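# Observations on the three-dimensional arrangement
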Amino acid sequence: MPSMEILSSGASRLGLQLNPEQLQQFETYCHELIDWNRRVNLTAITVYEEVQVNHFLDSLTVALVWQPTGSAIPRIIDVGTGGGVPGVALKITFPQIRLVLLEATAKKASFLHHLQDLLNFEGIEIVVGRAEEIAHNARYREGFSLVLSRAVASLPTLAELTLPFCTIGGSVVLHKKGDIEDELRKASLAIDTCGGKLHEVRAVDLPEFPDQRQLVVIDKVSATPGQYPRRPGMPKKRPIR
Ligand code: SAH
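Residues numbered from 1 in each chain as written. Predicted model: local features only at pLDDT ≥ 70, side-chain atom pairs only at ≥ 80, totals over all residues. Heavy atoms only, no water.

## Focus on the overall build of the chain
Looking only at helices and strands, the chain features nine helices and seven strands. Expected size for 241 residues packed as a compact globule is a radius of gyration near 18 Å; at 17 Å, the chain falls within 12% of this value. With the C-alpha coordinates of the chain rotated into their principal frame, the extents come out at 50 × 40 × 35 Å. Out of the 241 residues belonging to the chain, those deemed buried represent 54%. When the accessible surface of the chain is summed, it comes to about 10700 Å², and 49% of that surface belongs to carbon and sulfur atoms. (Helix = DSSP H or I, 4+ residues; strand = E, 2+ residues; numbered from the N terminus. Rg over C-alpha atoms; globule rule 2.2 N^0.38 Å. Buried < 20%, exposed > 50% of the residue type's maximum accessible area, 1.4 Å probe, protein only. Areas by Shrake-Rupley, 256 points an atom, 1.4 Å probe, with all protein chains shown as cover.)

Right under this line is the structure:
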């Protein structure tokens, strides 16, 4: 089977045509992820086909709700990116974006640096730190038109960790699996408090994902009050409720 075929056909269902150079970059990314994972715990998924679907294609479902438009260069941050998911897949697909990969664990960030060198990425910054702290740095606060995060925390916690990074008029897009009604209800105060407004929950309807997957899209409508996010650990330990 030609390499990255599963990804390529899935992406085309999302309206994304990946060229041979992009597919080669995904191929390299996939091999490096699997190789590094023997030493650094980056992912539980280590089978070539599954990486294509559960990491790469899943990342690209963001295109259902967001795509670059016009001449403005989008600034995107991926909060708790781990091995680069979903940020790196979007960078390969939309090379013009400027991307910050935020990750608390230095060992995981060393993989990201390796990948950055190998794939000659321009416009990627890797930041090692916790969202609770980095979001108070003026360089990053309210500096991104799109904020992404996958598999990092529950929605009430995520609202506090992601909304402070988003510019007013921008959006936060969160990958979520399973039934999230209860999580959404519990997150409404945190979203509101941090300057967000729920825009939509977009179901991901692709044959590759028979389980229930969705993207939670939150618009940033007003500035996040200066006290948020609270100090490290608090958004998780005591979510705004
Ligand atoms: N987004 C990736 C990784 C998910 S695992 C994926 O979907 O595969 C969660 C990652 O978030 C871990 O690598 C962890 O180190 C990081 N993380 C958790 N809390 C964080 C925080 N407060 N700030 C920055 N990174 C965080």
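## Looking at the packing of helix α7 (residues 155-162) against helix α8 (residues 181-193)
Remark: α7 packs on α8, axes separated minimally by 7 Å, with the N-to-C direction vectors making an angle of 30 degrees. What the angle tells us is that α7 and α8 run roughly parallel. Here α7 runs over α8; the crossing is right-handed. Only Glu 183, Leu 184, Lys 186, Ala 187, Ala 190 and Ile 191 of α8 make contact with α7, whose side of the interface consists of Leu 155, Pro 156 and Ala 159. Split by residue class, the contact of α7 with α8 holds seven nonpolar, no polar and two charged. (Axes fitted to C-alpha atoms, helices over the stretch in contact; angles between N-to-C directions. Parallel < 35°, antiparallel > 145°, perpendicular 65-115°, else oblique. Left-handed = near helix turned anticlockwise from the far one by under 90°. Contact = heavy atoms within 4.5 Å. Nonpolar A, V, L, I, M, F, W, Y, C, P; charged D, E, K, R; others polar.)

## A few points about the side chain of Gln 25
With respect to the helices and strands, the residue Gln 25 is situated in helix α2 (residues 20-36). If sequence neighbours within four positions are ignored, Gln 25 has contacts with Ile 92, Leu 119 and Phe 121.

## So, the site of the ligand
Taken together, 15 residues sit near the ligand, with Gly 80, Val 85, Glu 103, Glu 132 and Arg 150 positioned nearest. Gly 80 places a main-chain nitrogen or oxygen 2.8 Å from a nitrogen atom of the ligand. Interatomic distance of 2.8 Å between a side-chain N/O atom of Glu 132 and a nitrogen atom of the ligand. Partitioned by chemical class, the residues of the shell around the ligand number five nonpolar, five polar and five charged. (Near = heavy atom within 4 Å. Polar contact = N/O pair within 3.5 Å; in protein donor to acceptor, adjacent residues only side chain to side chain.)

## Here's the deal with the side chain of His 55
By the element assignment, His 55 lies in helix α3 (residues 48-60). On the basis of relative accessibility, which here comes to 5%, the residue His 55 falls in the buried class. Of the polar contacts made by the side chain of His 55, one reaches the side chain of Arg 150; its length is 2.9 Å. Sequence-distant contacts of His 55, that is, excluding residues within four places in its chain, are made with Leu 33, Thr 43, Ile 45, Glu 50, Val 85 and Arg 150.

## Some remarks on the packing of aromatic side chains
In this description, an aromatic ring pair is defined by two values, namely the gap between the centres and the angle between the planes. For the structure on display, the rule yields five aromatic pairs. Between Phe 26 and Phe 56, the ring centres sit 5.1 Å apart and the planes meet at 45 degrees, which makes this aromatic pair tilted. Note that Phe 26 is positioned in helix α2 and Phe 56 in helix α3, a separation of 30 residues in sequence. Consider the rings of Tyr 29 and Phe 56, whose centres lie 4.8 Å apart with planes at 25 degrees: the pair is stacked. (Phe/Tyr/Trp six-rings, centres within 6.5 Å; stacked < 30°, edge-to-face > 60°.)

## As for the environment of Ile 191
Structurally, the position occupied by Ile 191 is in helix α8. Note on Ile 191: relative accessible area 6%, which makes it buried. A sequence separation of 28 residues divides Ile 191 from Asp 219, and the C-alpha atoms of the two residues are 9.4 Å apart. Setting aside anything within four residues of it in sequence, one finds Ile 191 in contact with Ala 159, Leu 163, Gly 196, Lys 197, Leu 198 and Ile 218.

## Here we look at the pairing of strand β7 (residues 213-220)
Extensive coverage of β7 is indicated by the burial of seven of its eight residues. Note that strand β5 (residues 166-177) and β7 share seven bridges and pair antiparallel. Each residue of the ladder has a partner; that of Ser 171, found in β7, is Asp 219. Pairing between strand β6 (residues 196-203) and β7: seven bridges, direction antiparallel. The residue of β7 that forms the bridge with Arg 202 is Leu 215. (Pairing = 2+ DSSP bridges.)

## Remarks on the pattern of salt bridges
By the definition in use, this model includes 14 salt bridges. Linking Arg 38 and Asp 35 is a salt bridge whose minimum nitrogen-to-oxygen distance equals 3.0 Å. On the accessibility criterion, Asp 35 (30% relative accessible area) is partly exposed. With its nearest N and O atoms 2.7 Å apart, the salt bridge here joins Asp 58 to Arg 150. With Asp 58 in helix α3 and Arg 150 in strand β4 (residues 144-150), the pair connects residues that are 92 residues apart, well separated along the chain. Both residues of the pair, Asp 58 and Arg 150, count as buried. Each of Asp 58, Arg 150, Asp 211 and Arg 213 takes part in one network of salt bridges that share partners. (Salt bridge = Lys/Arg side-chain N within 4 Å of Asp/Glu carboxyl O.)

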